[in-house]
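# Observations on chain architecture
For reference, the chains in residue letters:
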Amino acid sequence: MIGKVHKFKSNVDTDVIIPARYLNTTDPKELASHCMEDIDVDFSKNVKQGDIIVAEDNFGCGSSREHAPIAIKASGVFCVIANDFARIFYRNSINIGLPILECKEAVAGISEGDELDVDLTTGVIKNLTTGKEYKAKPFPSYIIELINDGGLINHIKKMVK
Amino acid sequence: MGMTITEKILAKHAGVDFVEPGEIVKANLDLVLGNDITAPIAIKVFEETGASDVFDKDRIAIVPDHSVPNKDIKSAELVNICRKFAKKYNITNFFELSKMGIEHTLLPDEGLVGPGDCVIGADSHTCTYGALGAFSTGVGSTDLGCAMAVGNTWFKIPEQIKFVYYGKLNKWVSGKDLILYTIGKIGVDGALYKSMEFTGEVIDVLDMAGRFTMCNMAIEAGGKNGIIAPDEKTMAFVNGRLKRSMEVLQSDKDAKYSQVVEINCSELEPQVSFPHLPENTKNVSEATGIEIQQAVIGSCTNGRIEDMRVAAEILKGRKVNPSVRCIVIPGTHDIHLQMTREGITEILLEAGACVSTPTCGPCLGGHMGVLAKGERAISTTNRNFVGRMGHTESEVYLASPAIAAASAVLGRIGSPEEL
């Protein structure tokens, strides 16, 4: 999957990803229309299907609102690459099927507007703009099992049967 | 090798004798929690799992608190989704307005969480119950929806950081100041994925309200949970309230910590966290002179009766500055009633503060005190992110109830010593 980079700094919190004034809805499309609004007013206008968010430390800190990864996913973003993620955001993303990758070298070497080719099965991130290649930290085996089951809901479906 | 209290609780709920950091376990849950913002998504997830019933109708709590009394039609619809679900599955712990409160103040007061419990909630401040010696942590709606179906969830055993608070607290220095100082010291990701265990002679003498405040803000340092070993103060709190049996656990002397942080509290002043991260902590003496237009006293962090008493002690016989809107929000309906019985409500109203019914409201810029462009608030809440209380060009300064009340009188950030 090839996409264009939208780059952010450290500590992007869930209040700027989706401000609480829009939490009176659970509709993914409506949430997406306000995604990142308080940190980048034009984000929802500029983002295209398949684009990639790249950020520094502690992405998704703050509230547990699942509306945050839902808004990002519904806005067309294919995956988020960061140095590390806040833990509730990490769990929520895996659970709803928003791919997230941890890779410090990639974050350092990628700039706003770069084009990336990301292979989620191998974790290989190719920067087509600079020609550099990176490899993301692999997921723990239990998380891979969850992903292979198609997310937490499908995993649980097997348990309640 | 010994285990910490967090490891012991997770091991017990996973049905094993020993766990260590990095391991992933499936643990049984004593209570799962959702609110009016997170439960509607969780309810949809629950239905998608195909489960025919909830795992235990007595171990699910649904607390509409963020937008109540309903602030608009959409919010009213969300609360209705919660209400219908609670009725359909006969959920014991669904709280209507007449007995409601802010979830993390309400559930300990109602005796629904206790020492040794393993709890998840679809709200990041679920870590509050660590003050009772429970393992509790925030999750998202999908985790909650699945847990309502099966009564368990997966956890990675976190590394543990031990905080040792020693010395003697100065006047007006509270649990809020200790945790703001701690976050300032280690940063908003200083405890990322980790457990924060609060110990030391200062914690031993800290009241339960202060302990709840500290554990409540563990998430603001990225922590998975905050926890304090149960003692006689914990027992005094839970006795007569707790509706289940409990297990009082302590960390072993040879338990392993990835880091030990020692903090000398004798030198500590009341703290103020500057915009736009809780880690931007300074002494209150470095913050005087900053004018404010609003002071908020309440929230899951500082909405307990002890917090209300501090506000009343400072506002008694004084007047809120004419340029400040002072909004006081008791944590629960019962705390509101207690305030009225103790004469606190009258003191606050006479001072020119307004007293709201319990709600998360302004903490997340929802309602009951949203800020306009360029406005500044001092607040006893827990986050000061960009746009948190309203306009993206408004500012929130975090502090204790004593500092917020004193600032309301002064019209600028300041300490009760200046009154």
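Residues numbered from 1 in each chain as written. Chains lettered and ligands numbered in written order. Predicted model: local features only at pLDDT ≥ 70, side-chain atom pairs only at ≥ 80, totals over all residues. Heavy atoms only, no water.

## Here's the deal with the sheet that holds strand β6 (residues 135-138) of chain B
All names here are of chain B. With parallel pairing, 5 strands are arranged side by side in an open sheet as β4-β3-β2-β5-β6. Lying at the two open borders of the sheet, with one neighbouring strand each, are β4 (93-94) and β6. Summarising the sheet, strand β2 (residues 31-35) and strand β5 (residues 118-121) pair through 3 bridges and their orientation is parallel. Considered in β5, the bridge of V32 is made with I120. (Pairing = 2+ DSSP bridges. Helix = DSSP H or I, 4+ residues; strand = E, 2+ residues; numbered from the N terminus.)

## As for the packing of helix α6 (residues 175-186) of chain B against helix α8 (residues 208-216) of chain B
Residues and elements named next belong to chain B. Taken N-terminus to C-terminus, the directions of α6 and α8 make an angle of 25 degrees; their axes are 8 Å apart at the nearest point. In terms of their interaxial angle, α6 and α8 are classed as roughly parallel. Here α6 and α8 pass one another in a crossing that is right-handed. Of α8, the residues touching α6 (which contributes G175, K176, L178 and I179) are G210, T213 and M214. Of the residues in the contact of α6 with α8, the class split is 3 nonpolar, 3 polar and 1 charged. (Axes fitted to C-alpha atoms, helices over the stretch in contact; angles between N-to-C directions. Parallel < 35°, antiparallel > 145°, perpendicular 65-115°, else oblique. Left-handed = near helix turned anticlockwise from the far one by under 90°. Contact = heavy atoms within 4.5 Å. Nonpolar A, V, L, I, M, F, W, Y, C, P; charged D, E, K, R; others polar.)

## Concerning unusual backbone geometry
Only a minority of non-glycine residues have a phi that is not negative, and only a minority of peptide bonds are not trans. Residues and elements named next belong to chain B. Here the residue pair V68 and P69 is connected by a cis peptide bond, since its omega of -20 degrees sits within 30 degrees of zero. Along the chain, P69 turns up in the loop between β3 (60-63) and α3 (73-88). Backbone torsion omega between P275 and H276 reads 0 degrees, so that peptide bond is classified as cis. Topologically, H276 is positioned in the loop between β12 (271-273) and β13 (281-283). Unlike most non-glycine residues, N90 shows phi in positive territory, near 60 degrees. When you line up the elements, N90 lands in the loop between α3 and β4. Residues other than glycine seldom take positive phi values, yet S299 does so here, at roughly 85 degrees. Looking at where S299 falls in the secondary structure, it is placed in helix α10 (residues 299-302).

## As for the domain arrangement of chain B
Residue and element names in this part refer to chain B. Here chain B is partitioned into domain 1 (5-262) and domain 2 (272-418). With centres defined by C-alpha atoms, the gap from domain 1 to domain 2 works out at 24 Å. Residue-level contacts link 40 residues of domain 1 with 38 residues of domain 2. Area buried by domain 1 at its contact with domain 2 is led by I102, W172 and K176, which between them contribute 23% of it. Linking domain 1 with domain 2 are 2 salt bridges. In this assembly, domain 1 and domain 2 are joined by 22 residue pairs in polar contact (both at pLDDT 80 or more). (Domains from an automatic or database assignment. Buried area = accessible area lost by both parts, 1.4 Å probe. Salt bridge = Lys/Arg side-chain N within 4 Å of Asp/Glu carboxyl O. Polar contact = N/O pair within 3.5 Å; in protein donor to acceptor, adjacent residues only side chain to side chain.)

## Considering the interface of chain A and chain B
As a measure of interface size, the accessible area lost when the parts come together is often cited. Contact residues are listed per partner, giving 43 residues for chain A and 47 residues for chain B. The contact between chain A and chain B buries some 3,800 Å² in all, and 62% of this surface belongs to carbon and sulfur atoms. In terms of surface lost to chain B, no three residues of chain A exceed N24, R87 and R91 of chain A, which account for 20% of the buried area on that side. The partner of D15 of chain A in a salt bridge is R388 of chain B, with the nearest N and O atoms 2.7 Å apart. Taken together, chain A and chain B are joined by 18 residue pairs in polar contact (both at pLDDT 80 or more). Every element with two or more residues in the side of chain A that touches chain B is listed here: α1 (14-17), α4 (67-74), α5 (87-96), α7 (141-148) and α8 (152-160) of chain A. Ranked by residue count, the leading element in the side of chain A that touches chain B is α5 of chain A, at 7 residues. Taken together, the residues of the side of chain A that touches chain B sort by class into 19 nonpolar, 11 polar and 13 charged.

## A short note on the confidence of the model for chain B
On average, residues of chain B score 97 in pLDDT, and 100% of them reach the 70 mark or higher. Across the predicted assembly, pTM comes out at 0.97 and ipTM at 0.94. (pLDDT = per-residue confidence, 0-100.)

## Side note on the environment of A287 of chain B
Residues and elements named next belong to chain B. Tracing the chain through its elements places A287 in the loop between β13 and β14 (294-298). Overall, the relative accessible area of 0% leaves A287 in the buried class. Along the backbone, A287 and S273 are 14 residues apart, and their C-alpha atoms lie at a distance of 9.4 Å. Ignoring sequence-local partners within four residues, the contact set of A287 consists of V272, F274 and I413. (Buried < 20%, exposed > 50% of the residue type's maximum accessible area, 1.4 Å probe, protein only.)

## Considerations on the pattern of salt bridges
Oppositely charged side chains are able to pair whenever their charged atoms sit close together. In total, this model carries 25 salt bridges over all chains according to the counting rule given. The residue D143 of chain B makes a salt bridge to R91 of chain A at a minimum N-O spacing of 2.7 Å. In this pair, D143 of chain B is assigned in helix α5 (residues 141-150) and R91 of chain A in helix α5, connecting two distinct chains. Here D143 of chain B matches R91 of chain A in class, with each residue buried. A salt bridge links E375 of chain B to R325 of chain B; the shortest N-O distance between them is 2.9 Å. Of this pair, E375 of chain B sits in the loop between β16 (354-355) and β17 (376-379) while R325 of chain B is found in strand β15 (residues 325-329), placing the two residues 50 residues apart along the sequence. Using a relative accessible area of 17% as the deciding quantity, one classes E375 of chain B as buried.

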